[in-house]
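# Chain and residue survey
Chain by chain, the residues:
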Amino acid sequence: QNYLDNFWPDLKAAHELFDSIVQARRERESESQENHGKEYPEHLPVEVLEAGIKSGRYLQGTLNVNKHRAQLEAFVRLQGFGSKDTG
């Protein structure tokens, strides 16, 4: 803000862009506080997931993503299965 005020006081578009960025950041911070610091809301409550895992309805595993081809290559390593059993 100080930089724009001191060096570009007449550049209205830059001031509007800065104000827009500040507003978006404030909204994101308030949403983060509402979600208790979590970036994404949970799809199911933890209790439902834990009960589903215990009953066998859900499987628990680790998602592994290829960092070089993230949109094309990923696999899930299921917990409790041998290292060769992946899906």
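Being a predicted model, the structure only gives us computed values, none of them experimental.

The rules behind these values
- Residues numbered from 1 in each chain as written.
- Predicted model: local features only at pLDDT ≥ 70, side-chain atom pairs only at ≥ 80, totals over all residues.
- Heavy atoms only, no water.
- Helix = DSSP H or I, 4+ residues; strand = E, 2+ residues; numbered from the N terminus.
- Buried < 20%, exposed > 50% of the residue type's maximum accessible area, 1.4 Å probe, protein only.
- Contact = heavy atoms within 4.5 Å.
- Areas by Shrake-Rupley, 256 points an atom, 1.4 Å probe, with all protein chains shown as cover.
- Salt bridge = Lys/Arg side-chain N within 4 Å of Asp/Glu carboxyl O.
- Phe/Tyr/Trp six-rings, centres within 6.5 Å; stacked < 30°, edge-to-face > 60°.
- pLDDT = per-residue confidence, 0-100.

A tally of helices and strands in the protein chain yields three helices and two strands. Ordered by position from N to C terminus, the α and β elements of the protein chain give α-α-α-β-β. Residue burial in the protein chain is summarised as follows: out of 87 residues, 3% are buried. Taking the contacts inside the protein chain whose residues are at least 6 apart along the sequence as the reference set, 0% of them involve residues at least 24 apart. A total of about 8200 Å² of accessible surface is found on the protein chain, and carbon and sulfur atoms cover 53% of it.

Another point: the pattern of salt bridges. If you walk through the whole model with that rule in mind, you get three salt bridges. Across the salt bridge formed by E29 and R25, the nearest N and O atoms sit 3.4 Å from each other. Residue E29 and its partner R25 are located together in helix α2 (residues 12-34), separated by four residues, close to a single helical turn.

A separate point is the packing of aromatic side chains. Summed over the entire model, instances satisfying the criterion amount to one aromatic pair. Look at Y3 and F7: their rings are 5.2 Å apart centre to centre, the planes differ by 40°, and that puts the pair in the tilted class. With Y3 and F7 both in helix α1 (residues 2-7), this residue pair falls four residues apart, about one helical turn. The residues Y3 and F7 share a single accessibility class, namely exposed.

Moving on to the side chain of H15. Within the fold, H15 resides in helix α2. H15 gets classed as buried once you look at its relative accessible area, which sits at 16%. Once you skip the residues sitting within four places of it in the chain, H15 turns out to touch Q1, L4, D5, W8 and P9.

With that settled, consider the environment of V48. Examined against the element boundaries, V48 turns out to sit in helix α3 (residues 46-55). Overall, the relative accessible area of 38% leaves V48 in the partly exposed class. In this structure, the C-alpha to C-alpha distance between V48 and Y58, residues ten residues apart in sequence, is 9.9 Å.

Mean pLDDT over the protein chain stands at 85; residues scoring 70 or higher make up 83%. Of all the helices and strands in the protein chain, α2 carries the lowest mean pLDDT, 88, while α1 carries the highest, 94.

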